[in-house]
Each structure stands twice: as structure tokens, then as C-alpha cells.
Amino acid sequence: MLGLTKRDTALFAIVVAMVVFAPFILNPFPAASPMAQFNAGYPDLMQRFLIFGIFAIGFNILFGLTGYLSFGHAAFLGTGSYAGVWMFKLLSMNVLPAIVIAVVVAGLFSVLIGYISLRRSGIYFSILTLAFAQMSYALAYSVLTPITNGETGLQLSLNDPRILDGAAAADGSLPVPNFFGIEMRSSTELYFGGWEFTLNAGYYLCAVFMIAAFYVSIRIFRSPFGMMLRAVKSNQQRMNYTGLNSRPYTLAAFVISGMFAGLAGGLLVAMDPLAGAERMQWTRSGEVVLMTILGGMGTLIGPVLGAGLIKYLENILSKINDSILHQWFSLFPDGLSDFLVFIVHPFIGKGWNLTLGLVFMLVVIFLPGGLVQGGQKIAALFRRRKPDQPVSVKHPAE
Amino acid sequence: MGILEVNNVSKRFGGLKALDNVNLNVMENTVHAIIGPNGAGKSTLLNCLIGKLMPDTGSVMFDGQSVLGRKPHEINQMGISRVFQTPEIFGDLTVFENVMIPIFAKRDGAFALHAFSRVLNDADIVMRTEAMLEDVDMQDKRHANAASLSRGDKRRLEMAMCLSQQPKLLLLDEPTAGMARADTNNTIDLLKEIKASRDITMCIIEHDMHVVFSLAERITVLAQGTPLVEDTPENIKGHPKVREAYLGEAQV
């Protein structure tokens, strides 16, 4: 179906189902229960799952297939965001032109950076991309203030021309991003008993783009182009002596992943029309590397899982504070409960990065193939219980 | 006129003269061996032919065109394939993919952006890959990861990759280095089979005299960067200068 093999179609169908039903799947606890703080089914976070999923899917096309580790992909995320906000300011509050231009501008920017950086490989490539991204960050923060509005960040104002649909909304306030009239922030609330589910327009717009991005990624993985990219990673010398020019292959992969990052940047501002320079900072570039490795580099679904896990930890753990901990441990005697709070305290709230670091270490040490390898190991355990079934051969790209 | 003509090629590495005025003429459809003791400049010469090194002086003409200054992939596209001393294959890819890639390169050129078609839907490529694997008798290992093959199979796979491009000239850099006698003999048989079944010129660098004298039709002896003699295997065996420079220390 859709030009995919049976296996890939099944994977694609699962991803589509997960994305469509995420508002339900991610809200397993009733709204009033104490566990409700672990619910991830609110629009803001779900949008981020998808947007950073797209970012990581694109990054994986470069890093997972060719092995070129870019440390500067946040530059494209930021470029896409700025381009998107400018479209809102100049043209219209419709998200479509903003997203399209975000992809195009990030693509052009990645041609420039890729063309120069790809003259080197290995650590030198990583450092070059990092240097370019930090330069972009510094420029956006200071010199390019007329375009980026510096520290404050680029935002909408009532003075913007917005030539297609006017500066202000009907009531004189700032207009909000919409898709041909459907406002991105509009939501429908559903109540089933104690459960609350939010179906958000912006989320489903992201879902369409994320599903399309995932589909493109499957097609690339299974195409001759994808095979050539894996050949680059495997043995570039042999590739060159086989009559293939590896440079345009790596550049194409770099630009494709840059455009995915631009799409993610465009979607970020479509959900919240504000772009700041910190979106280009190296920590953002590092985050997407973590997402890809955590989920499983070079696998189709891995980057999406990694992005989901990191964004979940970031948003859920950072909300937990000491008073919540005291509630949890209130069963224990006073001294013990204080002690437990003392132990757990560094891992929550602002310390969520510490938890992420621990998770990352555990994954890298015990599951070098990421969460996907973990899933495969569990699947293999179940398979071993039925001796008449052959143990499946590990598919190279899954 | 030969298919490969090397004229007055010299190459210096600092104070060391690796190649000194080398002239070499490889005739079409022959097996030409280049022998010589360690440090004679055999590998340097080969590297000059495939664009890995740029000689200081002289010219290298292949099929009437100069190869100097061209990138490795351009030289390959002219019709020169190379088998390396340690097999250079795509270790992370399957045997089948390893053979497909050179066929793609031959058909579609140095770069083609087929990002949306499925690899296995390309019937033409798949058919040619199947045929090539059959030629080298590796169909049963098609799904194996190339890195998991034995040394002999890696060599076989690398030759299949080179041959699948139907090169006019096949360069072999010590194809039997580090092999057991049985594997060496298999390689000799494979090369003989290849030579018998198609129009191909081969240029072999080899240390093992057994291999050289079973395959070569012409032999060039290189010593200290200059060719000593070029002749048929029979004459080389008896040549006094060669015995002195090289064969004296190895058994024939």
C-alpha cells in the first residue's frame, strides 16, 4: 500500500493511529486523580511531541543514514521560525504560507552551510556545523536585530502590514494563527466520566505534517538514495572508487534534514507566533542529537520515540515540586519522608536534565540501539517462548 | 597502442623518489602483472592511476584520455575499477546491496536522486545483481551482512562489485595477500574464469610468484621506482637482472 512493503505499511499505520488517537492515549488518568499530573494529553505538549518528532525524523535522515553528526541543526529550526513569523507579519495569519516559506528558507540556508561544512567529515564536520549555528545564534541575538528583534524575540504587533488579512482582529486585538479560518488554538473538550480529552486544531495540523514527514522518511529509507546514504556511512572510499560522488548525496541529505528542521520551526511559530534567538542555541542542536540516539539512530520510528520521551520528561518532571513529593511520601514517617524528598529533589523540577542524563546513560550503555533495540529485545523474549517460530533476522533499518 | 599508457611518471615523497620515470604500456585484453620487492613503488603507481595520488611529472592515458587531475569517481566512470589489498566493501550493507550499488553507479552515473522509488522495484538492477551473484556463486549469502563474510568471500564480493560495472580495466592490488593457499588457488581460478568469460584488461600487483606466473601474460618488474624489464613470464623467469633484484630473494 502507498508504495510501501507490508512491514512498513504496518509500521506507518501504527504511527498514524498513535498520532490520531494521542489525545486519548496520552490522557490515561482521570482529570481529578492525583496521577493526572502524568497526563501528557494537553495540546501544548502534544504539539511539541509532533514538532520535535519532525525535527528528529529529519535529523535522522542525515545522522542515522550517512553518519554525519551535525551539531548545528537548531540553526535551521530558528531560521524556519523567523521566516514563519515574518510571513505572519507581512502577509497573513494563515499558517500555510508561513510553513511553506519556513521550509524554503531553511532549505536555502542549509544548502549554504552544508556546501561548506560537507567539505570535511567526522569531528571536523560536527565542529563546522556547530560553529555556523553559534554564529547564526550570535547574529540573531545582536547584529541582525532589525530582522530578529534581538533578545526580545520576533513577535507580532498591531503595526504589522499583513497585506492579505489586515493588522488586527475584528476586536482590535492581535490576530491569531489560523488555517483558512480555523484557529490553531481552538479546541474541543470531550468528557467521559472523570476523563477529559482535548482535541486541538493546531495539534491535528501538526499531525498531518508529522505523518507526511514520517511517510517521506520511510520512502527515503527504502529508496536507492537511502541505500547510497548508508553506503556513505559504511565506506566512503569504496563509494568513490565505485564511481559515485558522495558529496551531492550528503548535501542532499543535509538539505532534506534542514528542510525538516525548517518545517518544525515553522510549525512552532504556527502554534505560538514568537521566535527567539535561543531557538538556535547549541543546546537545541544537542537535544535533537539526544532524541535520535535515545530513540535509536538509523531506525524509522526511533527519533519519534526519542523526541517524545525527552519532551515528556522535560514537561512532566519539571512540573513536579517538593510539595508534590511530600504528598507522595506522606505515608512514610516524617524523617524518612524528608529523606526521600531530599534524595529525589535534584531529579525533578529544574533538575529534570539530571534525570534525562541518567536515562541517556542507561540507554547508551545497555541499549546502544536506543529504545527501538529495547523494543526488539522485549519482542525477542516473547518470541523465544514459542520455539516453533523462527527468530526474525534483525532488519538493518529498523 | 595500449589501453593504459603511463609515460615518464615520477613521484617524490619528500626526499624519497617513489617513482622515477616510469613507463608502462598495458595492452587491451591482457593480464599484466607488476612485480617488485617491497618499496619498489608498485602501490604508488597504482594510486597514481586511480586518482588517489597526483604524480609530479608525466602523463597517464587511459583509453586515449588523461586520468590525471580527475576525481576517483570520474576515473571509475571512465571504466577503471579497483580491487584493494584489504577488501573495501560496504560492511554494514547486505551482500545484495553491495552488488547493487556499483550497478546503480554504472547505469545512473555519479549522482542520481532516486529518493522515492523502492530499491527492489528496479527490475533491471535486481536482475543484473542476481546474475552477478550467480557468476561468483554467492546467491546463498545475499542477505548476509557483508562485514560478516569470511576473508575469501569478502574478496569474492569485492571482485563481483568491480566486475558488475563491466570495467574496461580491472586493477588488482595484491588480491591474494594474507590468504591461505587454498583461498589463493580459488582466487586464481576465479580470475582465470573472469578473464575467459569476458573482454577485460587486468593489471595485477602481486607478491606471490605462484599467482603471477599462473595468470600474467606480460610482466613488468619494478625496482626502486624504475621499471627494470617488461617481458613475458617465461623470459622474466630467466632474466639475470630480475633474479638479482628480486627473484633471488623469493622462491619461484
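Here the structure is a predicted model, which means the values were calculated and not measured. (Residues numbered from 1 in each chain as written. Chains lettered and ligands numbered in written order. Predicted model: local features only at pLDDT ≥ 70, side-chain atom pairs only at ≥ 80, totals over all residues. Heavy atoms only, no water.)

Trainee: Would you explain the overall build of chain A in this entry?
Mentor: Counting secondary structure elements, chain A contains 16 helices and six strands. For chain A, the C-alpha radius of gyration of 22 Å lies close to 21 Å, the compact-globule estimate for 398 residues. Here chain A, with 398 residues, has 51% of them falling under the buried criterion. Counting contacts in chain A only where the partners sit at least 6 residues apart, residues at least 24 apart contribute 72% of the total. In the structure as shown, chain A presents an accessible area of about 17800 Å², 70% of it carried by carbon and sulfur atoms. (Helix = DSSP H or I, 4+ residues; strand = E, 2+ residues; numbered from the N terminus. Rg over C-alpha atoms; globule rule 2.2 N^0.38 Å. Buried < 20%, exposed > 50% of the residue type's maximum accessible area, 1.4 Å probe, protein only. Contact = heavy atoms within 4.5 Å. Areas by Shrake-Rupley, 256 points an atom, 1.4 Å probe, with all protein chains shown as cover.)

Trainee: How do you make sense of the pairing of strand 6 (residues 80-83) of chain B when you look at a structure like this?
Mentor: It is a general feature of regular strands that their side chains alternate between the two faces of the sheet. Residue and element names in this part refer to chain B. Neither face of strand 6 is exposed, since Ile80 and Arg82 on one face and Ser81 and Val83 on the opposite face are all buried. Where strand 6 and strand 7 (residues 169-173) come together, four bridges link them in parallel fashion. What sits directly across from Ile80, in strand 7, is Leu169. (Pairing = 2+ DSSP bridges.)

Trainee: Got a minute to help me understand the sheet that holds strand 4 (residues 57-62) of chain B in this structure?
Mentor: As a general point, the strands of a sheet are linked pairwise by backbone hydrogen bonds and lie either parallel or antiparallel. All names here are of chain B. Read across the sheet, four strands follow the order 2-1-4-5 without closing on themselves; strand pairing throughout is antiparallel. In this open sheet, the two strands that pair with only one neighbour each are strand 2 (16-26) and strand 5 (65-66). For strand 4 and strand 5, the ladder comprises two bridges, and the chain directions are antiparallel. Looking at the pairing, Phe62 lines up with Gln65 of strand 5.

Trainee: What exactly am I supposed to notice about the side chain of Ser92 of chain A here?
Mentor: Residue and element names in this part refer to chain A. The residue Ser92 is located in the loop between helix 3 (74-90) and helix 4 (95-117) in this model. Classification of Ser92 as buried rests on a relative accessible area of 6%. Within the local environment of Ser92, its side chain forms a polar contact with the backbone nitrogen of Asn94, the two atoms lying 2.7 Å apart. (Polar contact = N/O pair within 3.5 Å; in protein donor to acceptor, adjacent residues only side chain to side chain.)

Trainee: Which parts of the structure should I look at to understand helix 1 (residues 6-25) of chain A?
Mentor: Owing to its 3.6 residues per turn, the α-helix aligns residues three or four sequence positions apart on the same side. All names here are of chain A. Approximately 45 degrees is the largest bend angle found in helix 1, and it occurs at Val19, with the proline Pro23 only one to four residues beyond. When helix 1 is considered as a whole, its buried residues turn out to be Asp8, Thr9, Leu11, Phe12, Val15, Val19, Ala22 and Pro23. Contacts made by the buried residues of helix 1 are with helix 2 (43-66), strand 5 (195-200) and helix 7 (201-222). (Bend = angle between axes of the 7 residues up to and from the residue.)

Trainee: Would you explain the sheet that holds strand 8 (residues 201-205) of chain B in this entry?
Mentor: Residues and elements named next belong to chain B. Taken in spatial order, the six strands of this open sheet run 6-7-8-3-9-10, and their pairing is mixed. Strands with a single pairing partner mark the edges of an open sheet, and in this sheet they are strand 6 and strand 10 (226-231). Pairs of neighbouring strands in the sheet enclose a mean axial angle of 20 degrees, with direction left out of account. In this structure, strand 7 lies alongside strand 8, joined through five bridges in parallel fashion. For Asp173, the partnering residue across the bridge sits in strand 8 and is Ile205. Running at roughly 145 degrees to strand 7, helix 1 (residues 42-49) makes contact with strand 3 (31-35), strand 6, strand 7, strand 8 and strand 9 (218-223) of the sheet. Contacts between helix 5 (residues 151-163) and the sheet are confined to strand 6 and strand 7, with strand 6 contributing the most and set at about 175 degrees to the helix. (Axes fitted to C-alpha atoms, helices over the stretch in contact; angles between N-to-C directions.)

Trainee: Could you clarify how one ought to interpret the environment of Tyr215 of chain A in this entry?
Mentor: All names here are of chain A. Relative to the helices and strands, Tyr215 resides in helix 7. The buried category is assigned to Tyr215, whose relative accessible area is 18%. Once the C-alpha coordinates of Tyr215 and Val16 are considered, the two residues, 199 residues apart in sequence, prove to be 9.9 Å apart. When neighbours within four sequence positions are excluded, Tyr215 is seen to be in contact with Leu2, Leu4 and Phe12.

Trainee: What should I look at first to understand the packing of aromatic side chains in this one?
Mentor: The description of two aromatic rings rests on the distance between their centres and on the angle between their planes. Residue and element names in this part refer to chain A. Across all of its chains, the model carries 18 aromatic pairs over all chains by this definition. Ring centres of Phe24 and Phe197 lie 4.9 Å apart, and the angle between their planes is 55 degrees; on these two criteria the pair is classed as tilted. Here Phe24 is found in helix 1, whereas its partner Phe197 is found in strand 5, with 173 residues between them in sequence. Here the aromatic rings of Tyr68 and Phe125 are separated by 5.0 Å at their centres, their planes lie at 85 degrees, and the arrangement is edge-to-face. One end of the pair, Tyr68, is in the loop between helix 2 and helix 3; the other, Phe125, is in helix 5 (residues 122-141), with 57 residues separating them in the sequence. Residues Tyr68 and Phe125 agree in their burial class; the two are buried. The rings of Tyr68, Phe76, Phe109, Phe125 and Phe254 are connected pair by pair, giving a single aromatic cluster. Seen from the ring of Tyr115, Arg119 lies directly overhead, with NZ or CZ sitting 5.0 Å from the centre. Between the NZ or CZ atom of Lys311 and the centre of the ring of Phe52, over which it lies, the distance is 4.0 Å. (Phe/Tyr/Trp six-rings, centres within 6.5 Å; stacked < 30°, edge-to-face > 60°. Lys NZ or Arg CZ within 6 Å of the ring centre and 35° of its normal.)

Trainee: Can you help me understand the interface of chain A and chain B in this one?
Mentor: Much of the literature gives interface size as the accessible area that the parts lose upon coming together. Chain A puts 27 residues into the contact, and the matching count from chain B is 36 residues. Summed over both sides, the interface of chain A with chain B buries roughly 2900 Å², with 64% coming from carbon and sulfur. By the criterion of area lost to chain B, the three top residues of chain A are Met227, Arg238 and Tyr241 of chain A, representing 26% of everything that side buries. Counting across the interface, chain A meets chain B through two salt bridges. Sorting the residues of the side of chain A that touches chain B by element identifies helix 7, helix 8 (224-234), helix 9 (236-240) and helix 10 (246-271) of chain A as the ones contributing at least two each. Among the elements that line the side of chain A that touches chain B, the one with the most residues is helix 8 of chain A, at seven residues. Residues belonging to the side of chain A that touches chain B are distributed by class as follows: 13 nonpolar, ten polar and four charged. (Buried area = accessible area lost by both parts, 1.4 Å probe. Salt bridge = Lys/Arg side-chain N within 4 Å of Asp/Glu carboxyl O. Nonpolar A, V, L, I, M, F, W, Y, C, P; charged D, E, K, R; others polar.)

Trainee: Is there a simple way to explain helix 1 of chain B in this structure?
Mentor: All names here are of chain B. The buried fraction of helix 1 is high, at seven of eight residues. Those residues of helix 1 that sit buried are Lys42, Thr44, Leu45, Leu46, Asn47, Cys48 and Leu49. Phi turns positive, to about 85 degrees, at Gly51, one or two residues after helix 1.

Trainee: How should the nonpolar core be read in this particular structure?
Mentor: Grouped burial of nonpolar side chains is what soluble globular proteins tend to show. Counting residues in each nonpolar core, the largest one holds 139 residues, and the members touching the most others are Ile54, Phe214 and Leu267 of chain A together with Leu157 of chain B. Here this core takes 14 residues from helix 10 of chain A, the largest share from any one element. In this structure Leu267 of chain A touches Ile51, Ile54, Ile99, Leu205, Cys206 and Phe209 of chain A, once residues within four positions along its chain are discounted. Ranked by size, the runner-up nonpolar core spans 28 residues in total, among them Tyr241 of chain A together with Leu46, Leu49 and Leu169 of chain B. (Core = buried A, V, L, I, M, F, W, Y, C linked by side-chain atoms within 4.5 Å.)

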